[in-house]
Amino acid sequence: MRRISPNIIGLLIGLSILFLAWFLSPQSIPPETWNEDDSRAFGGEVLHQMVSDYTGSSIKSLYDPLTESEDIVDSLAPANYLILGKDVKPSPQDWKRFSSSVKAGGVLIIGAHQIPSYLEEVFGYRLKSSNFSIDLKQVYQQLSNNESFYFHPDLKTWPKDTFKVPVKAATYALGALSVVDSNNAALNFAFNSADMPIARSMAWGKGQLVLFSSPELLQNYFLMDSVSRAFSAGILSYLKRDLPTYHFEFYHLGRIEPGSPLRVLLYSPYLRTALYLGIALILAYLLIGSKRRQKMIPVLDAFSNNSLDFLNRLSALYYKNAHHRNMFKKRMEYWNDFVHNRYQIRLRDSEQQGFEDLARKLDLDPKLLGYLRFAYRQAFIDEEVPVSSDTLLEQEKQLKNFYNQYGHGRKSRKH
């Protein structure tokens, strides 16, 4: 039977650990973004598609407050504005600009669980919880449990029958303020099963203000549900077809700016275009202009200087400067390399085995062997012993004798 490789066993164990870590990891509540690029259950990709279908033009997400947005040239001109989030807090300055635009004929739709007090006074209602808490372990069960909604009976364009929506999208309702509502053009047009209003519209100049307490109904999951889509369609029907539509995600997500060090270039459309063109040109050069050009590479000979004149000058330089020890050691290094290359015998500093092998292989003269051992030790071990010119001449004499007699193997025994 073929044995399983230990590497395969280790790989299977690692994959098992990763699978268990993923399977046993705690669940997290899916994020609620309403963002046009978010295709997850509680994102906003479907919302932007439906808004485009209702208005006949594309909807644009903005991540700056209205007073700072460069995308809206004239904020006083009428437009469709959509603000969604758990806690929506436009500043009083932003509200003045929104108010002016709506009075000129625009539409402002706010879907939230909490709004500033000055907006509560405008609508005459505050958003309040229905004492229903979202539990992580029950979140998917709450998507299947339903809460009843119904519309105002006098609205001819809305569904007549009560319909149900998931409980997760029905946790908040509108509670009336103590002040008397003096706006005769205001209407609570949708209610929950406890007869609490959940959506309110009111005329504002030539335009319309809409407040509702279930922004979740404008997320992908609920927009794809055939029942809850009736409410979502009614909210979006307030948008006017002939006006531009802006989704202010700033009031939910805050400012979203490029985190790259190149954000200065990425912020301006002109600099961003120049950057992209520069990158495209560099890539084009790498693909086209930097192709390897084949050419013959000449063979360069290694530098060498084997002339007798050079060797004489070098040896004279060593001798005149009294570098006897240096020359003595270099001559022994050369002899050591010669023995290793020619006879494959390695001479070491701390043992004499190599000399015994050399003597046995070449049948060396005992006197010559003794001198070579002495010279080797003086060159590499006893380096503190001074070397005189006589010692250097004796070394040259003995090495020359070795090369002449044993340079090609054993000494011939001819008599």
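Procedures and definitions
- Residues numbered from 1 in each chain as written.
- Predicted model: local features only at pLDDT ≥ 70, side-chain atom pairs only at ≥ 80, totals over all residues.
- Heavy atoms only, no water.
- Buried < 20%, exposed > 50% of the residue type's maximum accessible area, 1.4 Å probe, protein only.
- Helix = DSSP H or I, 4+ residues; strand = E, 2+ residues; numbered from the N terminus.
- Contact = heavy atoms within 4.5 Å.
- Axes fitted to C-alpha atoms, helices over the stretch in contact; angles between N-to-C directions.
- Parallel < 35°, antiparallel > 145°, perpendicular 65-115°, else oblique.
- Left-handed = near helix turned anticlockwise from the far one by under 90°.
- Expected span 1.5 Å × (residues − 1).
- Arc of directions from axis to C-beta.
- Pairing = 2+ DSSP bridges.

## Digging into helix H2 (residues 45–55)
Moving on, step 1. Of the residues making up H2, those classed as buried are Val46, Leu47, His48, Met50, Val51 and Thr55.
Moving on, step 2. Looking at the buried side of H2, the elements it contacts are strand E1 (59–62), strand E2 (80–87), helix H6 (220–223), helix H7 (229–236) and strand E11 (245–248).
Moving on, step 3. Two residues or fewer past H2, Gly56 is found with a positive phi of approximately 80°.

## Things to note about the environment of Arg360
Moving on, step 1. Looking at where Arg360 falls in the secondary structure, it is placed in helix H13 (residues 353–362).
Moving on, step 2. Residue Arg360 is classed as exposed on the basis of its relative accessible area of 53%.
Moving on, step 3. Distance from Arg360 to Arg410, taken between C-alpha atoms, is 9.7 Å for residues 50 residues apart in sequence.
Moving on, step 4. Setting aside chain neighbours within four positions, we find Arg360 in contact with Gln353 and Arg410.

## What to know about the packing of helix H14 (residues 366–380) against helix H15 (residues 389–406)
Moving on, step 1. Packing of H14 against H15 brings their axes to within 11 Å, and their N-to-C directions diverge by 130°. Looking at the two axes, H14 sits oblique to H15. Once H14 is placed against H15, the crossing between them reads as left-handed. Only Thr391, Glu394, Gln395, Gln398, Leu399, Asn401, Phe402 and Tyr406 of H15 make contact with H14, whose side of the interface consists of Leu368, Tyr371, Leu372 and Gln378.

## Here we look at H15
Moving on, step 1. Spanning 18 residues, H15 covers 25 Å between terminal C-alpha atoms, matching the ideal 26 Å at 1.5 Å per step.
Moving on, step 2. By the burial criterion, the buried members of H15 are Leu392, Gln395, Gln398, Leu399, Phe402 and Tyr406. Buried residues in H15, looked at end-on, bunch into an arc of 130°, giving them a common side. Facing away from the buried surface of H15 by more than 90 degrees, the exposed residues are Asp390, Leu393, Lys397, Lys400 and Asn404.

## Focus: the sheet that holds strand E8 (residues 187–192)
Note on sheets: strands pair through backbone hydrogen bonds, and any given pair is parallel or antiparallel.
Moving on, step 1. Pairing in this open sheet of nine strands is mixed, and the strands run E1-E11-E2-E3-E10-E9-E8-E5-E6 from one edge to the other. A strand with exactly one partner marks an edge of an open sheet, and here the two such strands are E1 and strand E6 (163–166). Along the sheet, successive strands turn relative to each other by an average axial angle of 20°, direction set aside.
Moving on, step 2. For E2 and strand E3 (residues 107–114), the ladder comprises seven bridges, and the chain directions are parallel. When the bridges of E3 are listed, Leu84 appears paired with Gly111.
Moving on, step 3. The sheet strands contacting helix H3 (residues 92–103) are E2, E3, strand E9 (197–204), strand E10 (207–212) and E11, and the helix crosses E10 at an angle near 125°.
Moving on, step 4. Most of the contacts of H7 go to E10, to which it runs at about 150°, and overall it touches E3, strand E5 (146–151), E6, E8, E9 and E10.

It is worth stressing that arrangement in space is one thing and function is another; only the former is reported here.
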